[in-house]
Amino acid sequence: YFFATLSRQMGFAHFGLLSGMGFCVSGLTQFTVAPVALWVQGDCHHFLSDPFSCDEGRWTLIHIVQMAQLLLMLILPYMDWRRDVRQEQEKLQLAKESKATYGATTY
């Protein structure tokens, strides 16, 4: 989907540069996985004897952040869909106008 959307939206003139930048950003974000995992996890898996006195971690916070990111990422396909619908409506309107004036003579 990344390559198809990239070529459709931006064209092929700078396809290599843009896909390389996308992979670079993706690779750089991978460096944050281990620190975030350490920050999020609790210590309940170390102390199985008393589950009420252990730290359960920050899982609720990370789930909220993930859902917010998902909702933000769903905005882009929605905007693309709206643009496509708008362009289709403009094409239909233009076709109606040109059909109505086809063969008409103006002086």
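To start, this report covers the structure provided alongside it. (Residues numbered from 1 in each chain as written. Predicted model: local features only at pLDDT ≥ 70, side-chain atom pairs only at ≥ 80, totals over all residues. Heavy atoms only, no water.)

## Re the overall build of the protein chain
So the rule is basically this: In DSSP terms, a helix is any run of H or I states spanning at least four residues, a strand is any run of E spanning at least two, and both are numbered starting from the N terminus. Throughout this description, buried means an accessible area under 20% of the type-specific maximum (1.4 Å probe, protein chains only), exposed means over 50%, and partly exposed covers the range between. The criterion used for residue contact is that any of the two residues' heavy atoms lie within 4.5 Å. A 1.4 Å probe and the Shrake-Rupley method give the accessible areas. Residues count as covered only by the protein chains that appear here.
A count of helices and strands for the protein chain gives four helices and zero strands. Listed by position from the N terminus, the elements making up the protein chain come as α-α-α-α. Counting the 107 residues in the protein chain, one finds 7% classified as buried. The contacts of the protein chain with a sequence gap of at least 6 include a subset with a gap of at least 24, amounting to 17%. In the form shown here, the protein chain has an accessible surface area of approximately 9,600 Å², with 68% of it arising from carbon and sulfur atoms.

## As for the side chain of Ser 7
The cut-off we apply is this: Counted as a polar contact is a pair of N or O atoms within 3.5 Å, where, for protein atoms, one must be capable of donating a hydrogen and the other of accepting one, and residues adjacent in sequence contribute only when both atoms are in side chains.
Mapped onto the elements, Ser 7 comes out in helix α1 (residues 2-10). Looking at Ser 7, its side chain comes within polar contact range of the main-chain oxygen of Ala 4, at 3.0 Å. When neighbours within four sequence positions are excluded, Ser 7 is seen to be in contact with Phe 12 and Phe 15.

## Focus: the packing of aromatic side chains
For any pair of aromatic rings, geometry is given as the distance between the ring centres together with the angle between the planes. Heads up, the condition is: Between the rings of Phe, Tyr and Trp (Trp by its six-membered ring), a pair exists once the centres lie within 6.5 Å; its type follows the angle of the planes, with under 30 degrees stacked, over 60 edge-to-face, and the other angles tilted.
Across all of its chains, the model carries two aromatic pairs by this definition. Arranged with centres 5.7 Å apart and planes meeting at 50°, the rings of Phe 12 and Phe 15 form a pair that is tilted.

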